[in-house]
Amino acid sequence: MTNEVFWAIARSTGVMSLLLLTASVALGVATRSARPLPFIPRFAVMQIHRSVSLLSLVFVLVHVGSLLFDRYSGLNLLDFFVPFMSSSDALTNGLGTLALDLLLALAITGILRARISERLFHLVHWGAYACWPLALAHGLGSGSDSGESWFLALCIGCIGVVALALVARLRSRFMDYSHKRTREVRS
Amino acid sequence: MKTALQEKTLHINWGKCAGRGLCTELLEEKLSADEWGYPYSPEGTNVRIPAELEKAARQAASDCPLRALKLI
């Protein structure tokens with residue numbers, strides 16, 4: 001009985017983590033565009049990005065913490081940090097482990113940003129583009145909700161949001177003022 | 001040496017600034033966006049910050065995505 005509680009917590013926090021990571025990626029791209037969002041000024045876009053990202057880390061930590069107490073998951077502490085070692089679902093659990101490792105690196109470099117080099121921060125921050133698909137693949141492959149239609153619909157929604165952000169990111173006029181800045185270079 | 005009222009200065013490092021525009025929102029009393037979105041002040045690169053704006057200037061410096069601002 002108590003075991004089911006931990007499993008339920010692991011499932012719900014896992015789903016919440018995916019939603020928050022999706023929002024974090026989209027807000028991160030919005031931050032990079034140097035554009036305000038409707039009703040949200042630039043500095044607030046950045047601050048919301050930071051808060052949502054830290055919140056996603058909290059949910060991920062509760063997610064893995066509850067799995068530690070779930071007797072049937074068969075996961076030990078090492079499995080949360082070293083990928084592809086777990087006794088069951090080694091591949092899909094390993095993807096989640098990789099995503100957690102990346103998320104921890106992102107969080108640590110984010111928190112220590114003022115004390116580390118800008119170069120290192122940006123280098124690690126590119127890892128977010130790997131972290132999100134790993135987390136998504138882990139969600140689609142692991143657990144008991146992976147085949148459920150509501151979960152698939154949620155995943156498709158998340159893919160849509162990140163795909164839109166990526167399309168915006170790759171446009172040549174992605175950044176605010178880019179029109180004026182590039183025109184200035186040509187003339 | 002103690003300056004009068006310990007007024008601080010916000011230094012803009014143009015080598016780092018990418019014109020992301022956060023500082024012009026956080027410190028609109030002192031900075032405005034120029035034609036290309038970069039922070040502009042009539043004072044130029046070193047902007048004098050009165051005591052009542054010190055908190056806002058500190059936040060602008062810490063929130064700059066390129067860490068191009070320094071409050072000294």
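Everything numeric in this text was worked out from a predicted model, so none of it was measured. (Residues numbered from 1 in each chain as written. Chains lettered and ligands numbered in written order. Predicted model: local features only at pLDDT ≥ 70, side-chain atom pairs only at ≥ 80, totals over all residues. Heavy atoms only, no water.)

Undergrad: Could you clarify how one ought to interpret the pattern of salt bridges in this entry?
TA: Any two side chains of opposite charge can pair, on the condition that their charged atoms come close. Under the definition given, this model contains 10 salt bridges over all chains. Between Arg11 of chain A and Asp145 of chain A there is a salt bridge, with the nearest N and O atoms lying 2.9 Å from each other. Here Asp145 of chain A lies in the loop between α5 (128–141) and α6 (149–170) and Arg11 of chain A lies in helix α1 (residues 2–32), a separation of 134 residues in the sequence. Asp145 of chain A sits in the buried class, given a relative accessible area of 9%. Here Arg48 of chain B makes a salt bridge to Glu43 of chain B, at a shortest N to O gap of 3.7 Å. Connected through shared salt-bridge partners, Arg35, Arg42 and Asp176 of chain A together with Glu25 of chain B make up one network. (Salt bridge = Lys/Arg side-chain N within 4 Å of Asp/Glu carboxyl O. Helix = DSSP H or I, 4+ residues; strand = E, 2+ residues; numbered from the N terminus. Buried < 20%, exposed > 50% of the residue type's maximum accessible area, 1.4 Å probe, protein only.)

Undergrad: Looking at this model, I keep getting lost on the packing of helix α3 (residues 90–111) of chain A against α5 of chain A. Mind explaining?
TA: Helix-helix packing: each pair is described by the crossing angle between the helix axes and the interaxial distance. Residue and element names in this part refer to chain A. Look at α3 against α5: their axes get within 8 Å of each other, and the N-to-C directions meet at 150 degrees. One finds that α3 runs roughly antiparallel with respect to α5. In the packing of α3 onto α5, the handedness of the crossing is left-handed. Between α3 and α5, the residues in contact are Thr92, Asn93, Leu95, Gly96, Leu98, Ala99, Leu102, Leu103 and Leu106 and Ala128, Ala130, Cys131, Leu134, Ala135, Ala137, His138 and Gly141, respectively. (Axes fitted to C-alpha atoms, helices over the stretch in contact; angles between N-to-C directions. Parallel < 35°, antiparallel > 145°, perpendicular 65-115°, else oblique. Left-handed = near helix turned anticlockwise from the far one by under 90°. Contact = heavy atoms within 4.5 Å.)

Undergrad: What is the right way to look at the interface of chain A and chain B in this model?
TA: Facing the 20 residues of chain A at the interface are 18 residues of chain B. Buried surface at the junction of chain A and chain B, both sides included, amounts to about 1600 Å², of which 47% is carbon and sulfur. Ranking the residues of chain A by area buried against chain B places Arg42, Phe43 and Arg181 of chain A at the top, with a combined share of 32%. In this structure, the connection of chain A to chain B is made through three salt bridges. Its salt-bridge partner being Arg50 of chain A, residue Asp63 of chain B comes within 3.7 Å of it at the nearest N-O pair. Counting every contact that joins chain A to chain B gives 11 residue pairs in polar contact (both at pLDDT 80 or more). The biggest single contributor to the side of chain A that touches chain B is helix α2 (residues 42–69) of chain A, with five residues. Split into classes, the residues belonging to the side of chain A that touches chain B amount to eight nonpolar, four polar and eight charged. (Buried area = accessible area lost by both parts, 1.4 Å probe. Polar contact = N/O pair within 3.5 Å; in protein donor to acceptor, adjacent residues only side chain to side chain. Nonpolar A, V, L, I, M, F, W, Y, C, P; charged D, E, K, R; others polar.)

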